[in-house]
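Letter by letter, the chains look like this.
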Amino acid sequence: MRVKVQLFARLREIAGHDACECEVPAGASIADVWRALCARHASLEPFGRTVSCALNEDFARMSAPVREGDAVAFLPPVSGGARVN
Amino acid sequence: MRVKVQLFARLREIAGHDACECEVPAGASIADVWRALCARHASLEPFGRTVSCALNEDFARMSAPVREGDAVAFLPPVSGGARVN
Amino acid sequence: MSVGRLAVTRDALALEPLIAALEREAQARGEGCGAVCTFVGVVRKTHAGRPVRHLEYEAFEPLALRAFEAIAGEISAQWPGSTAAIHHRIGRLEPGQSSVLVVAAAAHRDEAFQVCRYAIERVKQIAPIWKHEFFEDGDAWVEGALCAPDDEDARREARARACA
Amino acid sequence: MSVGRLAVTRDALALEPLIAALEREAQARGEGCGAVCTFVGVVRKTHAGRPVRHLEYEAFEPLALRAFEAIAGEISAQWPGSTAAIHHRIGRLEPGQSSVLVVAAAAHRDEAFQVCRYAIERVKQIAPIWKHEFFEDGDAWVEGALCAPDDEDARREARARACA
């Protein structure tokens, strides 16, 4: 089945595009979508440890199952963890 | 010698005026001015424990000496000590 | 209400209308707020000593609004009767321009300060908004922690920063 | 600078010009502030359940300005590089109107929140400004603690409230 993928910020720059589609088997999770994406863009792989995700415009876990036509977004870390003080 | 006296807020209301003059002996302190004032307005006396003061428009202690023509101000408590939370 | 409480926008941010809206809301609801605490994030001229030419903020807008709604919900649960507004600007920003506004209104100042601080900490922790800094001699994405709205450690930390 | 940082005034208070003035000052001085925290005190409709008709604030104006200067000095000593502005309104105020503004500008948000909180705590502790509440059925002066600018316990308490 096909799902839509959105990429932001550094991930978008590395992939060279902000949206694409991925083909994943029935029963796949968001983590499987990420792996399919990394198969296409090997340079994304190191970001797997810090990536978070959304499913159809809501926060989701990487373990969440996806369905045909779902929109999956991958999010690099946000600034909040940085300790400036 | 004579000093000018300014009163504020509740003290002003109790005295019925915001300014007056007091006669005090040479070498008097602000505390002596307060006592002279209370001799004229007995109803001010209970406020002696919580009053603070200024001398010539700067914060001062009740023990500070005054001189002819000085301006002494007596200040009731301000709101900051109130614990609303 | 003419000004939405939660927004991601490309327009310049304005504080007074947002404060006025929260005050009107508090007046309409009951005794009115007695304390308003606000936070404004401003683009600095330098970062770690390097002169900043400009910034670009990028957001996943619908998810950022969901994050703001989640933060507002956390605040209502922890500080009943208080309200918060969050406006984040995106796009290109120059030094001196405001990137984010938080307004917190409550009956008393203790609560207003806590709500405001909690809100900005949570915005930095979970809103999918990324900062791209452009220097004279290069650029850098500012990345801190994993964006995890349900992470209890992060919430605890935000609460600790908010409550003395 | 067109807006004085410290003021006691009978006019309506305005936040944006004060923030703009502090930001311009920070820009002129160096890297500019990255964080602005503000506090607005607003007249509430009720006090301890009693409807408030209006308030009267009375000040010993020259001494209030000296108190504000003392607070600004304490802040410069404890938080170098930060700046604070304090505007207090006096005279008759209606519910919903602002009685006091504090604006604190600093490089980072931690400091901006601390400076703002410290400033408002100190204003309440030492500024010779008295609040007279008028209710439907009477009136009352709001009096708390002795006005003692050198009292170290009070300063410690203000610092404790400011610094988590």
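Structure shown above.
No experiment lies behind these values; they were computed from the predicted model shown. (Residues numbered from 1 in each chain as written. Chains lettered and ligands numbered in written order. Predicted model: local features only at pLDDT ≥ 70, side-chain atom pairs only at ≥ 80, totals over all residues. Heavy atoms only, no water.)

Novice: Help me out: how do you make sense of the sheet that holds strand E7 (residues 98–106) of chain D in this one?
Specialist: Adjacent strands of a sheet form backbone hydrogen bonds with each other and so pair up, either parallel or antiparallel. The strand order E1(C)-E5(C)-E7(C)-E2(C)-E2(D)-E7(D)-E5(D)-E1(D) describes an open sheet built from 8 strands, whose pairing is mixed. Strands at the two margins of the open sheet, each flanked by one partner only, are strand E1 (6–9) of chain C together with strand E1 (6–9) of chain D. Ignoring strand direction, the axes of neighbouring strands in this sheet form an average angle of 10 degrees. Where E1 of chain D meets strand E5 (residues 83–89) of chain D, 4 bridges bridge the pair, whose relative direction is parallel. Residue Thr9 of chain D lies in a different strand from E5 of chain D, and its bridge partner there is Arg89 of chain D. (Pairing = 2+ DSSP bridges. Helix = DSSP H or I, 4+ residues; strand = E, 2+ residues; numbered from the N terminus. Axes fitted to C-alpha atoms, helices over the stretch in contact; angles between N-to-C directions.)

Novice: I tried to follow the pattern of salt bridges on my own but got confused; where do I start?
Specialist: When the charged atoms of two side chains lie near each other, side chains of opposite charge can form a pair. A complete count under the given rule lists 40 salt bridges over all chains for this structure. The partner of Asp150 of chain C in a salt bridge is Arg61 of chain A, and the shortest N-O contact between them spans 3.8 Å. Here Asp150 of chain C, found in the loop between strand E9 (138–142) and helix H4 (152–162), pairs with Arg61 of chain A, found in the loop between strand E4 (58–60) and strand E5 (71–75), and the two come from separate chains. One salt bridge connects Arg161 of chain D with Glu157 of chain D, and the closest N-O pair in it is separated by 3.9 Å. With Arg161 of chain D and Glu157 of chain D both in helix H4 (residues 152–162) and 4 residues apart, the pair spans about one turn of that helix. On the accessibility criterion, Arg161 of chain D (23% relative accessible area) is partly exposed. The exposure class assigned to Glu157 of chain D is partly exposed, which follows from its relative accessible area of 29%. Connected through shared salt-bridge partners, Arg109 and Asp110 of chain C together with Arg117, Glu121, Glu157 and Arg161 of chain D make up one network. (Salt bridge = Lys/Arg side-chain N within 4 Å of Asp/Glu carboxyl O. Buried < 20%, exposed > 50% of the residue type's maximum accessible area, 1.4 Å probe, protein only.)

Novice: Would you mind showing me how to read helix H2 (residues 30–40) of chain B here?
Specialist: Because the α-helix completes a turn every 3.6 residues, residues three or four places apart line up on one side. Residue and element names in this part refer to chain B. Those residues of H2 that sit buried are Ile30, Ala31, Val33, Trp34, Leu37 and Cys38. The buried residues of H2 occupy an angular sector of 155 degrees when projected down its axis, which confines them to one face. Exposed residues on H2 whose side chains face more than 90 degrees from its buried face are Arg35 and Ala39. Looking at the buried side of H2, the elements it contacts are strand E1 (2–7), helix H1 (9–15), strand E2 (19–23), strand E3 (52–55), strand E4 (58–60) and strand E5 (71–75). (Arc of directions from axis to C-beta. Contact = heavy atoms within 4.5 Å.)

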